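Next come the chains, spelled out residue by residue.
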Amino acid sequence: MIAVKLEGKISKEDVEQVHPLIHKILKTNNKVDFYFEMHDFHGYELQGLWADIKVDVSHLSDYGKMAFVGEKKWQEWAAKATNFFTSSEVKYFDLKNKEQAKQWINFQ
């Protein structure tokens, strides 16, 4: 599992830090689960968005569960959009329910 706390905007460098972790998990023949906790999160820088799209397209079938934990309605909509574009199981949880999110995704 990859757990990330998202604050501010996602940059290209942020995506480049996560990408090798994806490959490390894939070498174990497991799908990659994600736990995203968003605090004062504002989306992407343009280069960060492009880098993330490229990574996601190359790994669409490699992702398992994705838990999005946030504090704003648009973040819930973004999680639902992610669910539409991937075969992964995606759920959004309000920040006050982050323990429920951790249980759902088996984040110890």
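Anything mentioned here points back to the structure above.
Residues numbered from 1 in each chain as written. Predicted model: local features only at pLDDT ≥ 70, side-chain atom pairs only at ≥ 80, totals over all residues. Heavy atoms only, no water.

Tell me what's going on with the layout of surface pockets, and back it up with residues and numbers.
Estimated volume of the largest pocket: approximately 830 Å³. If you go around the largest pocket, you meet 35 residues; those closest to its centre are Phe36, Tyr44, Asp52, Asp56 and Thr82. At the level of elements, β1 (2-10), α1 (12-26), β2 (32-44), α2 (46-58), β3 (63-70) and α3 (73-85) are the ones that each hand at least two residues to the lining of the largest pocket. Top contributing element to the lining of the largest pocket by residue count: α3, with seven residues. Classifying every residue of the lining of the largest pocket by side-chain character gives 24 nonpolar, five polar and six charged. (1 Å grid on protein atoms, 1.4 Å probe; cavity = no way out; pocket = protein on both sides within 12 Å on 5 of 7 lines; lining within 4 Å. Points joined across faces, edges and corners; volume = space filled by probe spheres on them. Helix = DSSP H or I, 4+ residues; strand = E, 2+ residues; numbered from the N terminus. Nonpolar A, V, L, I, M, F, W, Y, C, P; charged D, E, K, R; others polar.)

Which residues make up the side chain of Ser88, and what values do they have?
Tracing the backbone through its elements, the reader meets Ser88 in the loop between α3 and β4 (89-94). Within the local environment of Ser88, its side chain forms a polar contact with the backbone oxygen of Gly64, the two atoms lying 3.1 Å apart. (Polar contact = N/O pair within 3.5 Å; in protein donor to acceptor, adjacent residues only side chain to side chain.)

Could you give an account of the packing of α1 against α2, naming the residues involved and the relevant values?
Working note: a packed helix pair is described by the angle between its axes plus the distance between those axes. Between α1 and α2, the shortest axis-to-axis distance is 8 Å and the interhelical angle comes to 20°. As the angle between them shows, α1 and α2 are arranged roughly parallel. Crossing of α1 against α2: the hand is right-handed. Together, Lys12, Val15, His19 and Ile22 of α1 and Gln47, Gly48, Ala51, Asp52 and Val55 of α2 make up the contact between the two elements. For the contact of α1 with α2, the class distribution of residues is four nonpolar, three polar and two charged. (Axes fitted to C-alpha atoms, helices over the stretch in contact; angles between N-to-C directions. Parallel < 35°, antiparallel > 145°, perpendicular 65-115°, else oblique. Left-handed = near helix turned anticlockwise from the far one by under 90°. Contact = heavy atoms within 4.5 Å.)

Tell me about the sheet that holds β2, and name the residues and values.
Spatially, four strands are ordered β1-β2-β3-β4 in an open sheet, and the strand pairing comes out parallel. Two strands in the sheet have a free side with no partner beyond their single neighbour: β1 and β4. Neighbour-to-neighbour, the strand axes of this sheet turn through a mean angle of 20°, independent of strand direction. Sitting on the sheet, α1 is in contact with β1, β2 and β3, with an inclination near 165° to β1. Contacts from α3 reach β2, β3 and β4, with the element oriented near 170° to β4. (Pairing = 2+ DSSP bridges.)

Residues and numbers for the packing of aromatic side chains, please.
Per the counting criterion, the structure on display carries six aromatic pairs. Judged by centre distance (5.0 Å) and plane angle (85°), the rings of Phe34 and Tyr63 are edge-to-face. Highlighted residues: Phe34 in strand β2 and Tyr63 in strand β3, separated in sequence by 29 residues. Note on accessibility: Phe34 and Tyr63 belong to one class, buried. Joined through ring pairs, the aromatic side chains of Phe34, Phe36, Tyr63 and Phe68 make up one cluster. Positioned above the aromatic ring of Trp104 is the side chain of Lys65, whose terminal nitrogen or guanidinium carbon lies 4.6 Å from the ring centre. (Phe/Tyr/Trp six-rings, centres within 6.5 Å; stacked < 30°, edge-to-face > 60°. Buried < 20%, exposed > 50% of the residue type's maximum accessible area, 1.4 Å probe, protein only. Lys NZ or Arg CZ within 6 Å of the ring centre and 35° of its normal.)

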